[in-house]
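These are the residues of each chain, in order.
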Amino acid sequence: MSKKSRSKFILSIFTAISIYLVLIILLVNVESQSHEMQIKNLGDGLWYSIVTITTVGYGDIVPKTWLGKLIGGSFLASSLFLVSVLFSKVSEYFRKSNEEKKMGFNGT
């Protein structure tokens, strides 16, 4: 991996984590204004986001406001994005490995 691609990768990871944390803080702020709030603090917001991103969906904590539900939907969409990136990277690795094997780079 070249230095430029490594720095782009680190920047994209940092950006994704920053957006994730901002969404959690926004979710907690939005939901704390609701009368039926279940997401009361950052721990609840983190728990809800992890359960949503991993698509487990226990249902013990759910957002009650429409904006909270919209943020929850963004967590769900990001989980689909993460799974697609993971599968593409794994398939790229196997494709590259098979191509190198066909070209004889792996030895005899």
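The structure this text deals with has already been given above.
All of the points below concern the structure found in this document. Because the structure is a prediction, the values reported are computed rather than measured.

1. Brief notes about the layout of surface pockets
If you add up the space inside the largest pocket, you get close to 560 Å³. Lining the largest pocket are 17 residues; nearest its centre among them are Ser12, Ile13, Ala16, Phe81 and Leu82. Of all the secondary-structure elements, those providing two or more residues to the lining of the largest pocket are helix H1 (3–31) and helix H3 (66–103).

2. What to know about a nonpolar patch on the surface
Together, Phe9, Ile10, Ile13, Ile17 and Leu21 make up an exposed nonpolar region whose accessible area comes to about 470 Å². Position of phenylalanine 9 among the secondary structure elements: in helix H1.

3. Topic: the packing of aromatic side chains
Throughout the structure, instances matching the rule amount to 4 aromatic pairs. Taking 5.8 Å as the distance between ring centres and 5° as the angle between the ring planes, the aromatic pair formed by tryptophan 47 and tyrosine 58 counts as stacked. Taken together, the positions of tryptophan 47 in helix H2 (residues 42–53) and tyrosine 58 in the loop between H2 and H3 put the pair 11 residues apart, joining distant regions of the chain. Assessed through its relative accessible area of 38%, tryptophan 47 is described here as partly exposed. Note on tyrosine 58: relative accessible area 56%, which makes it exposed.

4. Some thoughts on the pattern of salt bridges
Scanning the entire structure with this criterion turns up 2 salt bridges. Lysine 89 serves as the salt-bridge partner of glutamate 92, at 4.0 Å between the closest nitrogen and oxygen. Taken together, the residues span about one helical turn, with glutamate 92 and lysine 89 both in helix H3 at a distance of 3 residues. Given the relative accessible area of 51%, lysine 89 is considered exposed. Residue glutamate 99 is joined to arginine 95 by a salt bridge in which the shortest nitrogen-to-oxygen separation is 3.1 Å. One end of the pair, glutamate 99, and the other, arginine 95, are both in helix H3, 4 residues apart, so they sit about a helical turn from each other. According to the relative accessible area criterion, arginine 95 is partly exposed, its value standing at 47%.

5. Some details on H2
Over its 12 residues, H2 extends 16 Å from the first C-alpha to the last, a length consistent with the 16 Å expected when each residue adds 1.5 Å. By the burial criterion, the buried members of H2 are Asp44, Gly45, Tyr48, Ser49, Val51, Thr52 and Ile53. Those residues of H2 that are buried lie in contact with H1 and H3. With a side-chain oxygen lying 3.2 Å from the backbone nitrogen of glycine 43, the N-terminal cap of H2 falls on asparagine 41. Phi turns positive one or two residues past the end of H2, at threonine 55, with a value near 60°.

6. Brief notes about the nonpolar core
Nonpolar side chains in soluble globular proteins generally cluster together in the buried interior. Listed in full, the 9 residues of the largest apolar core are Ile24, Leu27, Val28, Ile39, Tyr48, Ile53, Ile61, Ile71 and Phe75. Residue assignment for this core shows that the elements contributing at least two residues are H1, H2 and H3. When neighbours within four sequence positions are excluded, isoleucine 53 is seen to be in contact with Tyr20, Phe75, Ser78, Ser79 and Leu82.

About the cut-offs
- Residues numbered from 1 in each chain as written.
- Predicted model: local features only at pLDDT ≥ 70, side-chain atom pairs only at ≥ 80, totals over all residues.
- Heavy atoms only, no water.
- 1 Å grid on protein atoms, 1.4 Å probe; cavity = no way out; pocket = protein on both sides within 12 Å on 5 of 7 lines; lining within 4 Å.
- Points joined across faces, edges and corners; volume = space filled by probe spheres on them.
- Helix = DSSP H or I, 4+ residues; strand = E, 2+ residues; numbered from the N terminus.
- Patch = residues over 30% accessible without salt bridge, like charges linked within 9 Å, V, L, I, M, F, W, Y side chains within 5 Å.
- Areas by Shrake-Rupley, 256 points an atom, 1.4 Å probe, with all protein chains shown as cover.
- Salt bridge = Lys/Arg side-chain N within 4 Å of Asp/Glu carboxyl O.
- Phe/Tyr/Trp six-rings, centres within 6.5 Å; stacked < 30°, edge-to-face > 60°.
- Buried < 20%, exposed > 50% of the residue type's maximum accessible area, 1.4 Å probe, protein only.
- Expected span 1.5 Å × (residues − 1).
- Contact = heavy atoms within 4.5 Å.
- Polar contact = N/O pair within 3.5 Å; in protein donor to acceptor, adjacent residues only side chain to side chain.
- Core = buried A, V, L, I, M, F, W, Y, C linked by side-chain atoms within 4.5 Å.

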